[in-house]
Amino acid sequence: MKATLAVAALAAGASAGSVHHRHNHAGAHAKKGYPTEEYPTEETCGCTTVYSTYFGQPTLIFPPAPPAPTTTSSAPVLVPTPIPQTCSTTGVYTFPATTITLTDSTTVPVPYPTSVPAGTHTVGGVTTVVSTSTTVVCPYATVTTSEGVTTTIIETTKYVCPTPGTYTIAPTTTTVTQDTTITYPVVTSYPAGTYTQPEVVTTVTETNTVVYCPFDTPTPSTTEIVVPTTEIVVPTTYPVEETTSAPAPPPATTTYPVDTPKPHPTTSKTKTPYPTGKPGGPGKTPGHGTPGQPWAVSYTPYETTAGGGCKSEGQVKKDIAAIAAAGVKVIRVYSTDCGTLEYVGSACETQGVKMILGIYVDEPGCNAHNPSVNEQISAIKAWGKWDHVSMIAVGNEAVLHGYCTPSELANLISTTKSQLSYPGPYTTAETTNIWQQEEFASLVCPQVDVVGANAHAFFNTETTAYQAGEFVKGQLDLIEKICPGKEGRIMETGWPAKGKALGKAVPGPAEQAAAIKSIVEKVGDKAVIFSLTSDAWKDGNTQCQCEQFWGCASILGISI
């Protein structure tokens, strides 16, 4: 049975879908728990735990016999969970508006549907980050069956975190033999307030489709977002600075002129040796930009409409010309489809923009024998214009999403390097907590020249838009300690302009501008800003309902 999540925007009956198998890159923004630097010694889920969902391999191996959980039970409470509606036939369906008022805050297990491919998946659980050895007490949702009756309940467990890092506690592992939709419980808290599920009109094109009608979440009265007391002026453009014979004085305003990149050493900076480093030796020095300026932006040659078709060569040329005119010197692409090498590569060559090439792994089969992977490697090999390449990234969160094991990814990077004659740096893009796993680092560090991490402050519920730069800088500091002698780069970071708030992380145009400003100031010279455009073909039914709204071209001064 297919499950979808309908919203009021579907009133016209259109549904977003992907026509490219690599478009599911939107899944890279599944909620993640990123480590930060400030933690109490004793943590509870009420204020320090990030509720997250991971697909693929578990983050850590848990003790085989955790302490016996204590069960918290209560009388049934009517809560504003998405209402499932079964549509047995095709046609246009109208679901009337509904209102629910909660007089007290409540926490319940909520069924959460998600589409998964065939294979084994680890979902649910609670993800928390700790900076020292500590013990956490966490509630988690689980399903029990007694005398043929299945019940979803919330239980509490105490877990000992032996070392600093990211821990996923009490996840569920399930195996499916075909592409399907699975439903698992997630611990969800609702503050007191009035919740409205607006009228939904949607067109159903498949029989036996389940449509979920979500409630609009009111702004919790108990959640206070700290706003700086001093005025923060958010720049809307990054103008290109004219070249002069003498250096210009620092700007007095909050706008950021883009300088022509200055030459930098061709050897790595001297670093203090780490006592427990991973093998591999110094890496090739990756490119970087000017501190305080945007160095790179992610780019896909897809239409931004719900259909998501390929852009024409003319459209691609216009996009790349606009990027170059704004002073951004590098773009990151994720694969070779839709004429990436032919159209994007040619436009970059003309405009003097370099590319971070990508080999995308979005299905089981993490090796060069996978037809999709082989096709990408062969295409890059045949193209071979290395002077226009800044870096090659093999995989994008492929281990996080369960498409590769650390060993498979390390072997794929090694195989790619042996098949290509590219003399520059190689990397992969994973989240910081994956890099912090000993097995991953020991196998992958020797194969890469750069430690590449995707770091999205928005998915840390304790981070406001104004704090985004500090958060991403903290992630960069962490990854640069993992592979001694090898620098780190942030391969993705950004903030959505629309969607639902995740704790203190609030989406919106002003918040996006503030976050991008903060990120560029702190790590702009070593980060890829995600992304050039907002894309209607991405999944709009995630928890944050924000995946379609990450485009930030105007904030970077890119006129498209």
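**Student:** What am I meant to see in the overall build of the protein here?
**Tutor:** Along the backbone of the protein there are nine helices and 26 strands. Considering the protein as a whole, with its 560 residues, one finds that 49% of them fall into the buried category. Contacts spanning at least 24 positions in sequence make up 78% of the contacts within the protein whose residues lie at least 6 apart. Summed over its atoms, the accessible surface of the protein is roughly 24600 Å², and 55% of this surface lies on carbon and sulfur atoms.

**Student:** What am I meant to see in the pattern of salt bridges here?
**Tutor:** Side-chain pairs of opposite charge can arise whenever the charged atoms involved come near each other. Taken as a whole and assessed by the stated rule, the structure comprises 11 salt bridges. Where Lys-522 meets Glu-470, a salt bridge forms, and the shortest distance between an N and an O atom there is 2.9 Å. Taken together, the positions of Lys-522 in helix H9 (residues 509–523) and Glu-470 in helix H8 (residues 468–479) put the pair 52 residues apart, joining distant regions of the chain.

**Student:** How should I be thinking about the state of the cysteines in this particular structure?
**Tutor:** Covalent bonding between the sulfur atoms of two cysteines is what defines a disulfide. Taken as a whole, this structure holds four disulfides when the rule is applied. Here Cys-544 connects covalently by a disulfide to Cys-546, the sulfurs 2.1 Å from one another. With the S-S dihedral at roughly -65°, the linkage between Cys-544 and Cys-546 falls on the left-handed side. Since its relative accessible area comes to 0%, Cys-546 is described here as buried. Across the protein, the disulfide pattern expressed with sequentially numbered bonded cysteines is 1-2, 3-4, 5-6, 7-8.

**Student:** In this structure, what is going on with the side chain of Glu-492? I would like to understand it.
**Tutor:** Along the chain, the position of Glu-492 falls in strand E25 (residues 488–493). Here Glu-492 falls in the buried class, since its relative accessible area comes to 0%. Only 3.0 Å separates the side chain of Glu-492 from the side chain of His-456, close enough to count as a polar contact.

**Student:** Can you help me understand helix H3 (residues 340–351) in this one?
**Tutor:** Count 3.6 residues to each turn of an α-helix, and residues three or four apart come out pointing the same way. With 12 residues, H3 extends 15 Å between its outermost C-alpha atoms, agreeing within 8% with the 16 Å of an ideal straight helix rising 1.5 Å per residue. Those residues of H3 that sit buried are Thr-340, Leu-341, Val-344, Gly-345, Ala-347 and Cys-348. Down the axis of H3, the smallest arc covering the buried residues is 165°, so these residues share one side. The outward face of H3, more than 90 degrees from its buried face, is lined by the exposed residues Glu-342 and Thr-350. In this fold, the buried residues of H3 make contact with helix H2 (313–325), strand E20 (330–332), strand E21 (354–359) and helix H4 (371–383). After H3 finishes, the residue Gly-352 shows a positive phi value of roughly 75°.

**Student:** Sorry, what's going on with the nonpolar core here?
**Tutor:** For soluble globular proteins, nonpolar side chains are generally found buried alongside one another. In terms of nonpolar packing, the biggest core is built from 88 residues, with Ile-320, Ile-331 and Trp-435 touching the most fellow members. Considering each element in turn, this core owes the most residues, seven residues, to H9. Residue contacts for Ile-331: discarding those within four places in its chain leaves Val-297, Tyr-299, Ile-320, Ile-323, Val-344, Cys-348, Val-353, Lys-354, Met-355 and Ile-356. Residues Val-330, Met-391, Ala-393 and Ala-429 belong to the second largest nonpolar core, which totals 10 residues.

**Student:** How do you make sense of the sheet that holds strand E26 (residues 527–529) when you look at a structure like this?
**Tutor:** Two modes of strand pairing occur in sheets, parallel and antiparallel, and in both the strands are linked by backbone hydrogen bonds. The strand order around the closed barrel formed by eight strands is E19-E20-E21-E22-E23-E24-E25-E26, and the pairing between neighbours is parallel. Along the sheet, successive strands turn relative to each other by an average axial angle of 25°, direction set aside. Sheet strands in contact with H3 are E20 and E21, and its direction is about 160° off that of E21.

**Student:** Honestly, the environment of Cys-404 in this entry has me stumped. Any pointers?
**Tutor:** Along the chain, the position of Cys-404 falls in the loop between strand E22 (389–396) and helix H5 (406–419). Along the sequence, Cys-404 and Gly-365 sit 39 residues apart, while their C-alpha atoms lie 7.5 Å from each other. Not counting residues up to four positions away in its chain, the partners in contact with Cys-404 are Val-361, Cys-366, Ala-398, Val-399 and Leu-409.

**Student:** Whenever I open this one, the packing of aromatic side chains confuses me. Can you help?
**Tutor:** Each aromatic ring pair is characterised by the separation of its centres together with the angle its planes make. Tallying each qualifying case throughout the model produces 10 aromatic pairs. Ring centres of Phe-458 and Trp-495 lie 5.2 Å apart, and the angle between their planes is 85°; on these two criteria the pair is classed as edge-to-face. Here Phe-458, found in the loop between strand E24 (451–454) and H8, pairs with Trp-495, found in the loop between E25 and H9; they are 37 residues apart in sequence, far enough to count as distant. Per residue, the accessibility class of Phe-458 equals that of Trp-495, and both read buried. Taken together, Phe-458, Phe-459, Trp-495, Phe-530 and Trp-550 form an aromatic cluster joined through their ring pairs.

The rules we used
Residues numbered from 1 in each chain as written. Predicted model: local features only at pLDDT ≥ 70, side-chain atom pairs only at ≥ 80, totals over all residues. Heavy atoms only, no water. Helix = DSSP H or I, 4+ residues; strand = E, 2+ residues; numbered from the N terminus. Buried < 20%, exposed > 50% of the residue type's maximum accessible area, 1.4 Å probe, protein only. Contact = heavy atoms within 4.5 Å. Areas by Shrake-Rupley, 256 points an atom, 1.4 Å probe, with all protein chains shown as cover. Salt bridge = Lys/Arg side-chain N within 4 Å of Asp/Glu carboxyl O. Disulfide = S-S within 2.5 Å. Polar contact = N/O pair within 3.5 Å; in protein donor to acceptor, adjacent residues only side chain to side chain. Expected span 1.5 Å × (residues − 1). Arc of directions from axis to C-beta. Core = buried A, V, L, I, M, F, W, Y, C linked by side-chain atoms within 4.5 Å. Pairing = 2+ DSSP bridges. Axes fitted to C-alpha atoms, helices over the stretch in contact; angles between N-to-C directions. Phe/Tyr/Trp six-rings, centres within 6.5 Å; stacked < 30°, edge-to-face > 60°.

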